[in-house]
Amino acid sequence: KAGVTQTPRYLIKTRGQQVTLSCSPISGHRSVSWYQQTPGQGLQFLFEYFSETQRNKGNFPGRFSGRQFSNSRSEMNVSTLELGDSALYLCASSLMWSERTQYFGPGTRLLVL
Amino acid sequence: GQQVMQIPQYQHVQEGEDFTTYCNSSTTLSNIQWYKQRPGGHPVFLIQLVKSGEVKKQKRLTFQFGEAKKNSSLHITATQTTDVGTYFCAGPGYGGSQGNLIFGKGTKLSVKP
């Protein structure tokens, strides 16, 4: 079974721009979560989607948003990028909303200049 | 807010030595999970512990869940260079973090051959 895929793998943007990251979960998995990973803050939960609905949201500003499509694929968007948004963005999928075991994708490394 | 803390932050060992990382939660957990992230990679699920006092083994790795379900440990016997990486524990969020997975900041293990 193919794992979680994320595109693009690397991205360079400048302050003020916006960015959209994409995630395809493991086939059959309906829950997709997004995390931000930085050396200082570690792994921080952004949000979780299940059946095209946002189920949970972490403590991030409204510039961070996401959505999920009917095929469970998900996108996250960051608007008005700041230098501090430079991070590894990880997508993780799980079978159901209540299933806590996370299967992570390779991540998108975002650099904001 | 709810916190999951891990110690030590870094551990350098000689190949063949043992290694232990400790995880402590500010709240009682219904379960705890462990993940491993190789350098340049993404977190990979290792195991989930659910029962108070539970001990599980995976080859040279031994995982324990404390009696009070607020702490956990991962012990690696006779480390190998393939054990290099960062080990994270994670527990389910409560209250304002309901539905989230709260990750510790991880213990970075380096192994000298």
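Note that the structure is predicted; figures quoted are calculated from it, not measured. (Residues numbered from 1 in each chain as written. Chains lettered and ligands numbered in written order. Predicted model: local features only at pLDDT ≥ 70, side-chain atom pairs only at ≥ 80, totals over all residues. Heavy atoms only, no water.)

Engineer: Is there a simple way to think about the overall build of chain A in this case?
Structural biologist: Scanning chain A for helices and strands turns up 0 helices and 11 strands. Reading chain A from its N end, one meets helices and strands in the order β-β-β-β-β-β-β-β-β-β-β. A compact globule built from 113 residues should have a C-alpha radius of gyration of about 13 Å, and chain A, at 13 Å, falls within 12% of that. Expressed along its principal axes, the backbone C-alpha trace of chain A runs to roughly 35 × 25 × 25 Å. The burial tally for chain A puts 50% of its 113 residues in the buried class. Across chain A, the fraction of contacts at a sequence separation of at least 24, relative to all contacts at a separation of at least 6, is 55%. Counting only carbon and sulfur atoms, one obtains 50% of the accessible surface of chain A, whose full area is about 5,300 Å². Here chain A contributes 12 positive and 6 negative side-chain charges, whose respective centroids are spaced 3 Å apart. (Helix = DSSP H or I, 4+ residues; strand = E, 2+ residues; numbered from the N terminus. Rg over C-alpha atoms; globule rule 2.2 N^0.38 Å. Buried < 20%, exposed > 50% of the residue type's maximum accessible area, 1.4 Å probe, protein only. Contact = heavy atoms within 4.5 Å. Areas by Shrake-Rupley, 256 points an atom, 1.4 Å probe, with all protein chains shown as cover. Lys, Arg positive; Asp, Glu negative; His and termini not counted. Charge placed at Lys NZ, Arg CZ, Asp CG, Glu CD.)

Engineer: Would you mind showing me how to read the interface of chain B and chain A here?
Structural biologist: When the parts of a complex come together, some accessible area is lost, and that lost area is often taken as the interface size. The interface of chain B with chain A comprises 15 residues on the first partner and 18 residues on the second. Taken together, the two surfaces of chain B and chain A that pack against each other cover about 1,400 Å², and 54% of this comes from carbon and sulfur. Connecting chain B to chain A are 4 residue pairs in polar contact (both at pLDDT 80 or more). Looking at the side of chain B that touches chain A, the elements that each hand over two or more residues are β4 (32-37), β5 (44-49) and β10 (101-103) of chain B. For the side of chain B that touches chain A, the leading source of residues is β4(B), giving 3 residues. In the side of chain B that touches chain A, the residues fall into 6 nonpolar, 8 polar and 1 charged. (Buried area = accessible area lost by both parts, 1.4 Å probe. Polar contact = N/O pair within 3.5 Å; in protein donor to acceptor, adjacent residues only side chain to side chain. Nonpolar A, V, L, I, M, F, W, Y, C, P; charged D, E, K, R; others polar.)

Engineer: I'm lost on the sheet that holds strand β3 (residues 19-24) of chain A in this one. Help?
Structural biologist: All names here are of chain A. In spatial order, the strands read β1-β3-β8-β7; together these 4 strands make up an open sheet with antiparallel pairing. Of all the strands in the sheet, the pair left with one neighbour each is β1 (5-7) and β7 (64-68). Here the average twist between neighbouring strands, direction ignored, is 20°. Here 5 bridges tie β7 to strand β8 (residues 74-78), and the two strands are oriented antiparallel to one another. Looking at the pairing, F64 lines up with V78 of β8. (Pairing = 2+ DSSP bridges. Axes fitted to C-alpha atoms, helices over the stretch in contact; angles between N-to-C directions.)

Engineer: Please explain the sheet that holds strand β3 (residues 19-25) of chain B as it appears in this structure.
Structural biologist: All names here are of chain B. The strand order across the open sheet formed by 5 strands is β1-β3-β8-β7-β6, and the pairing between neighbours is antiparallel. Each end of this open sheet is capped by a strand with a single partner; those strands are β1 (4-7) and β6 (55-58). Each strand of the sheet is rotated relative to its neighbour by a mean of 15°, with strand direction disregarded. As paired strands, strand β7 (residues 61-65) and strand β8 (residues 71-76) are joined by 5 bridges and run antiparallel to one another. The partner of T62 across the bridge, within β8, is H75.

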